[in-house]
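# An overview of the molecular structure
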Amino acid sequence: MVPERIELRGRAFRLFVRRDEIAERVRALAEQLRHDYAGTEPVCLIVLKGAFVFAADLLRQLPLACTIETIRARSYGAAMVSSGTVHIEAPALELRGRDVLLIEDIVDTGLTLQELVRFLEAQQPASLRIVTLLAKPAAHHLGLPLAYIGLQIPPVFVVGYGMDYAEAGRNLPDIYAAEPIAEGQSGL
Ligand code: PRP
């Protein structure tokens, strides 16, 4: 039984995307990618930490001769809104002339991807595309190469399936959305 409502760090969350719907979206994305990247050897670059679960499910459905790398980007810390500053930690990557597929869990303000795209384009890949499981509306005004989107969602704060609230909830198999704070109650 999947719980409809959970609490994380004293905050209430409601079931938002069930694991079977997530699996269906991941399967559809994998099908598109299999088709579009057939015969190529892309570098699949996982944006940590949030995308680790999505990437694990997606990559196991991609029979490509790809290289898998990770890059760390963080801007939220323990808050529900972006700090506005994106910290990037990257290993030495050989991306010149390669087809790069950036794997994200969610695009919210788009700030993280804006910074990552700037950083990666400086390395002159042959192509750079993004696959994200979730995207919020704001993301579409930034001209990002968002080629593959699993699910468009409204501007709600989500956790689970790799995504966290102050580091809690990443291991939930389903995605939950924060309930609005009732009047008179204090926010976090
Ligand atoms: C989250 C998420 C995306 C980013 C999206 O990362 O994984 O990378 O925020 O937000 P944006 O579009 O508003 O920039 P976070 O900074 O929480 O780090 P994490 O992946 O380690 O949780």
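See the structure shown above.
Now for a description of the structure that goes with this document. Predicted model only: the values in this text are computed from it and were never measured.

Tallied over the full model, the rule gives 14 salt bridges. Salt-bridge contacts for Arg-5 lead to Glu-179; the nearest nitrogen and oxygen are separated by 3.5 Å. In this pair, Arg-5 is assigned in strand E1 (residues 5–8) and Glu-179 in the segment after strand E10 (175–178), connecting sequence segments 174 residues apart. Residue Arg-118 pairs with Glu-115 through a salt bridge whose shortest N-O separation is 2.7 Å. Taken as a pair, Arg-118 and Glu-115 lie in helix H3 (residues 111–121) at a separation of three residues, close to a single helical turn. Judged by relative accessible area, which is 54%, Arg-118 ranks as exposed. Salt bridges here are not isolated pairs; linked through shared partners, they connect Lys-49, Asp-164, Glu-167 and Arg-170.

We now examine the packing of helix H1 (residues 19–36) against helix H2 (residues 52–59). Taken N-terminus to C-terminus, the directions of H1 and H2 make an angle of 55°; their axes are 9 Å apart at the nearest point. Classified by the angle their axes make, H1 and H2 are oblique. The two elements H1 and H2 meet at a crossing, and its hand is right-handed. When H1 is examined against H2, the residues Val-26, Leu-29, Ala-30 and Leu-33 are found in contact with a partner set consisting of Phe-54, Asp-57 and Leu-58. Its residues assigned to classes, the contact of H1 with H2 shows six nonpolar, no polar and one charged.

Analysis parameters
Residues numbered from 1 in each chain as written. Predicted model: local features only at pLDDT ≥ 70, side-chain atom pairs only at ≥ 80, totals over all residues. Heavy atoms only, no water. Salt bridge = Lys/Arg side-chain N within 4 Å of Asp/Glu carboxyl O. Helix = DSSP H or I, 4+ residues; strand = E, 2+ residues; numbered from the N terminus. Buried < 20%, exposed > 50% of the residue type's maximum accessible area, 1.4 Å probe, protein only. Axes fitted to C-alpha atoms, helices over the stretch in contact; angles between N-to-C directions. Parallel < 35°, antiparallel > 145°, perpendicular 65-115°, else oblique. Left-handed = near helix turned anticlockwise from the far one by under 90°. Contact = heavy atoms within 4.5 Å. Nonpolar A, V, L, I, M, F, W, Y, C, P; charged D, E, K, R; others polar.

Distances and angles like these do not, on their own, reveal function.
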